[in-house]
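# Structural overview
If you want the building blocks of each chain, they are given just below.
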Amino acid sequence: MTAAGIARLAGVGRAAVSNWRRRHSDFPKPVGGTETSPSFALGEVEAWLRDQGKLAEVPPRERVWQQIAGHPAGPLVALAHAGCVLLLLRDRPAARPTLAATPDERLAEVLPGPLDEVLTARLGAQRAVRTPTARDLAPAVPLLRGVTELAHTEAAAGGLGGPGAVFEFLLGRQLDANPRQFTLTPPGPAALMVALAGPAATVLDPACGTGALLRAAATAQAAQAVPGAQAPEAAPAFYGQDADADLAALTALRLALTEPAPASESPDGPAAPEVRVLPGDTLRADAFPSLAADAVVCHPPFNERNWGHDELAYDARWEYGFPARTESELAWVQHALARLRPGGTAVLLMPPAATSRRSGRRIRADLLRRGALRAIVALPPGAAPPYGIPLHLWVLRRPVAGARPPAELLLVDTAGASGAAAQTGAANPATGPGASTGTGGGGGGRDRLDWPAVESAVLAAWRAFDTDGTLAETPGESRSLPVVDLLDQDVDLTPARHLPPPAAAEGAAQLDQIRARLTQTLLRTRELTPPPAADTALAPGAAAPGPGPVTTVGELARAGALVLRAGGSGTVPAGAAPVAVLTDTDVLAALPPSGVLPEAAPGESAEEPALLAAGDVVVPVLGGGAVARVVDAASAGAALGRNVHLLRPDPAALDPWFLAGFLRATANSRQASSYASTATRLDVRRLQLPRLPLAQQRRYGARFKALAEFEEALRLAGRLGEQLMQGLYDGLADGTVAP
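Residues numbered from 1 in each chain as written. Predicted model: local features only at pLDDT ≥ 70, side-chain atom pairs only at ≥ 80, totals over all residues. Heavy atoms only, no water.

On to the overall build of the chain. Along the chain, the regular secondary structure elements total 27 helices and 22 strands. Sequence-distant contacts, at least 24 apart, represent 74% of the contacts inside the chain between residues at least 6 apart. Accessible surface computed for the chain: about 34,300 Å², of which carbon and sulfur atoms make up 54%. (Helix = DSSP H or I, 4+ residues; strand = E, 2+ residues; numbered from the N terminus. Contact = heavy atoms within 4.5 Å. Areas by Shrake-Rupley, 256 points an atom, 1.4 Å probe, with all protein chains shown as cover.)

Structure (structure tokens):
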């Protein structure tokens, strides 16, 4: 287990674990990992924590997770074994007492038979999940027992729920622990893609990864079921394939563990969905060559050069043209169309370059001429990885023989859905829990993305266009264009290049209002301008505070004159209202909190964050600048973000404005900073300030507060000036303002 796992086990922060390692010579030694990310033995850590009185009992969820993380064959294999046992418990609840009564030495021997029967019944004889042998299961007996008891106790206590929820928890923990190892499709875009595809009895994901899209389709199917209505004649079917055999196995188990229960266990309920997931390279070795699906949803790998260009030159799937080596995404587009029934819909998450690269213009042109490409939707940056670019959704429909090709293409650009929040720097509660990891310091697009607004705009435009075949233009947002107008030399289908510009954000009247506000702010700035330094110079012979006795923030914290806390941790309970996060970017730019705390993992209790109160002083530790900010009532209640420290002074000993003012001194931050090859980090404990009586502190504090108000007025004037200037540029360019 890692240091993060130890912190989770003991219910403390990672900094506490680092302190234990440094201060306690008997702390367990690393048994693996690297110098920067060591691994420790679970048993040794448990024993040490109990000896120190820091652990009464290991929570069952944590024990099972640590057994998965420490499995000798790797966590993905361990998850697959756990999923097999959970599927057995799910489909055969009566097997639990038998498993509980079987001795450890025989459990690995008796399990393969029942597991094979259940896997074959739910996933077919040919499947991605290999039946584990007794030899495979022998090292995992404690894990299998732990999973069995976890599913039972959680269901009895109303915790995680049934076996499916337990598997989701364990898989989610693995994905969260290794974010760079997997390319994930976030829940919001996955649900949007399924909604665009529409109702479908048969769904295929040819690059299924961890199964997010297929699970979203299964969830949508369950939500559409009408209680008491007659079940459909055929159960829904979900097909998937992935080049990574371990991910294909996890996807198969994930879908098989999704409700409803098998028909054999619930004869009056809906039939269990058919799940067929196989490993393999989809483009080179298609596992479902004769499938005619109702819908295809896919998040294909981007910019893949070795996709099979040389050996697939004469493949029958290239109905719209043979993709160039650099156009792997267009190969996936044509594969999706080839696996649809006539009239079926495919939705693919695509890189923006696929709409404009010259090497793909002939294929794009043929897709348009034959009516296969129906819509392109530009998502805002931050919607899905890679988060820095605005990905596109391509909506395609396989042409019906003899039908006339549609005459128009729908283009939607949702960049404006998050534009207002990005300009103001405000966090939008509509992003919802789990939509961002606002404890980070970036304040990027994910923190300010109003996903419900994006989803609503896209679905409204698509449904109107799909019904009528055309859509009236909404400047800057959506319109339908005649296909013939797009068939030029480049066939560039980037939505922003074909949408009329939005109406100027500020009309003439609004620009006048901004100008009036700017004038008032400039007058306010003039009033707040500090007097000449000569007028406030110390009288001859007066003692300056600089050469007198000084103290440090660290000494004040030890004396109880202030409380020092570091930010970056904290979660909210699942389904709870979002909590704003003040990031280091917000502090540096003097903006309101822009981040949002993430949700706690399913089944885990929320980790309490450090919350701000009015009068706190916040200091960013990265960037090399001298910045300190006193928290006002508007920011009180927000959580403290990563790379920001909170100083909460005792009002009877320290004035907050005095504290913030002296912390901002350039010489002060310079002596408290350490330098790496590419970054500067501030050691807040080394920051100094003079020892002064409280009355004298308040005199300094009043002056520092006046300077802060002057600085705030200057910042506001700068923002208003930029807004007025850009509005005038835009108004002159689009004709709303006369020259």
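Here we have three strands laid out as an open sheet, ordered E15-E14-E18, and mixed in their pairing. Looking along the sheet, the strands with just one partner apiece sit at the ends: strand E15 (595–596) and strand E18 (639–640). Bridge analysis of strand E14 (residues 580–582) against E15 gives two bridges, and the strand direction is antiparallel. Bridged to Val581 within E15 is Gly595. (Pairing = 2+ DSSP bridges.)

The contact between helix H5 (residues 75–91) and helix H14 (residues 245–256) brings their axes to 10 Å, and the two run at 25°. As far as their axial angle goes, H14 and H5 are roughly parallel. For the pair H5 and H14, the crossing hand works out as left-handed. Contacts from Leu76, Leu79, Ala80, Gly83, Cys84 and Leu87 in H5 reach Asp246, Leu250, Leu253 and Ala256 in H14. (Axes fitted to C-alpha atoms, helices over the stretch in contact; angles between N-to-C directions. Parallel < 35°, antiparallel > 145°, perpendicular 65-115°, else oblique. Left-handed = near helix turned anticlockwise from the far one by under 90°.)

With that settled, the discussion passes to the packing of aromatic side chains. A full pass over the atoms with the stated rule returns 12 aromatic pairs. Here the aromatic rings of Tyr239 and Phe288 are separated by 5.1 Å at their centres, their planes lie at 80°, and the arrangement is edge-to-face. In this pair, Tyr239 is assigned in strand E4 (residues 237–242) and Phe288 in the loop between strand E5 (274–279) and strand E6 (293–298), connecting sequence segments 49 residues apart. With a relative accessible area of 15%, Tyr239 lands in the buried category. Residue classification places Phe288 among the buried residues on the basis of a relative accessible area of 11%. Taken together, the aromatic side chains of Trp20, Phe27, Phe40 and Trp48 make up a single cluster linked through ring pairs. (Phe/Tyr/Trp six-rings, centres within 6.5 Å; stacked < 30°, edge-to-face > 60°. Buried < 20%, exposed > 50% of the residue type's maximum accessible area, 1.4 Å probe, protein only.)

On to the side chain of Gln697, then. When you line up the elements, Gln697 lands in helix H27 (residues 694–734). Within the local environment of Gln697, its side chain forms a polar contact with the backbone nitrogen of Asp655, the two atoms lying 2.9 Å apart. Once residues within four sequence positions are removed from consideration, Gln697 is found in contact with Ala653, Leu654, Asp655, Phe658 and Leu692. (Polar contact = N/O pair within 3.5 Å; in protein donor to acceptor, adjacent residues only side chain to side chain.)

What follows concerns the confidence of the model for the chain. On average, residues of the chain carry a pLDDT of 85, and 87% of them reach 70 or more. For the chain, per-element mean pLDDT is lowest for helix H17 (residues 419–424), which scores 42, and highest for strand E9 (residues 392–397), which scores 98. Note on residues 419–445: pLDDT under 50 across the span, and 66 contacts to partners over four residues away in sequence or across chains. (pLDDT = per-residue confidence, 0-100.)

Side chains that differ in charge, positive against negative, can pair when their charged atoms come close. Under the definition given, this model contains 31 salt bridges. With its nearest N and O atoms 3.4 Å apart, the salt bridge here joins Glu46 to Arg50. Here Glu46 and its partner Arg50 are both found in helix H3 (residues 42–51), four residues apart, which amounts to about one turn of the helix. Look at Glu46 and you get buried, because its relative accessible area is 7%. (Salt bridge = Lys/Arg side-chain N within 4 Å of Asp/Glu carboxyl O.)

Here we take up the sheet that holds strand E13 (residues 562–566). Spatial ordering of the open sheet is given by E13-E19-E16-E17, a layout of four strands whose pairing is antiparallel. For this open sheet the edge positions go to E13 and strand E17 (629–630), each flanked by a neighbour on one side alone. In this structure, strand E16 (residues 617–620) lies alongside strand E19 (residues 644–649), joined through four bridges in antiparallel fashion. Note that in E19 the partner of Val618 across the bridge is Leu646.

What follows is about the nonpolar core. Among the nonpolar cores identified, the biggest contains 89 residues, and Leu111, Leu196, Leu379 and Leu393 are the most heavily contacted of them. Those residues in contact with Leu196 that lie beyond four places of it in its chain are Thr345, Val347, Leu393, Val395, Val458, Leu459 and Trp462. Core analysis: the second largest hydrophobic core is formed by 43 residues, Leu204, Leu337, Ala354 and Trp394 among them. (Core = buried A, V, L, I, M, F, W, Y, C linked by side-chain atoms within 4.5 Å.)

Moving on to the pairing of strand E11 (residues 478–482). The buried fraction of E11 amounts to four of the five residues, a majority that puts the element mostly inside the structure. As defined by bridge partners, strand E10 (residues 408–413) adjoins E11 across five bridges and the pair is classed as antiparallel. Residue Glu408 lies in a different strand from E11, and its bridge partner there is Pro482.

Between Pro385 and Pro386 the backbone carries a cis peptide bond, its omega angle lying at -5°. Its location among the elements puts Pro386 in the loop between strand E8 (373–378) and E9. Even without being glycine, Ala590 reaches a positive phi, approximately 55°. Relative to the helices and strands, Ala590 is located in the loop between helix H24 (584–589) and E15. Even without a glycine there, the phi angle at Asn643 is positive, about 65°. You can see Asn643 is positioned in the loop between E18 and E19.

Here we take up the side chain of Ser673. With respect to the helices, strands and loops of the structure, Ser673 is situated in strand E20 (residues 673–675). On the basis of relative accessibility, which here comes to 12%, the residue Ser673 falls in the buried class. At 2.5 Å, the side chain of Ser673 and the backbone oxygen of Ser669 are in polar contact. Ser673 has contacts with Thr680, Arg681 and Leu682, leaving out every residue within four places of it along the chain.

So, on to the state of the cysteines. Under the counting rule described, the total for this entry stands at zero disulfides. Of all cysteine sulfurs in the structure, the one in Cys298 sits closest to Cys208, which takes part in no disulfide; the separation is 9.3 Å. Relative accessible area serves as the criterion here: at 5%, Cys208 is assigned to the buried category. (Disulfide = S-S within 2.5 Å.)

Residue position: Gly308 is located in the loop between E6 and helix H15 (328–338). Expressed as a C-alpha distance, the spacing of Gly308 and Arg284, which sit 24 residues apart in the sequence, is 6.3 Å.

Let us look at helix H19 (residues 451–468). With 18 residues, H19 extends 26 Å between its outermost C-alpha atoms, agreeing within 8% with the 26 Å of an ideal straight helix rising 1.5 Å per residue. Turning to H19, its buried residues are Trp451, Val454, Val458, Leu459, Ala461, Trp462 and Phe465. Summarising the axial view, the buried residues of H19 lie within an arc of 165°, below the 170-degree limit, and thus occupy one face. Away from its buried face by more than 90 degrees, H19 exposes Thr467 and Asp468. Close packing links the buried residues of H19 with helix H12 (187–197), E8, E9, E10 and E11. Positive phi appears at Gly469, one or two residues downstream of H19, with a value of about 80°. (Expected span 1.5 Å × (residues − 1). Arc of directions from axis to C-beta.)

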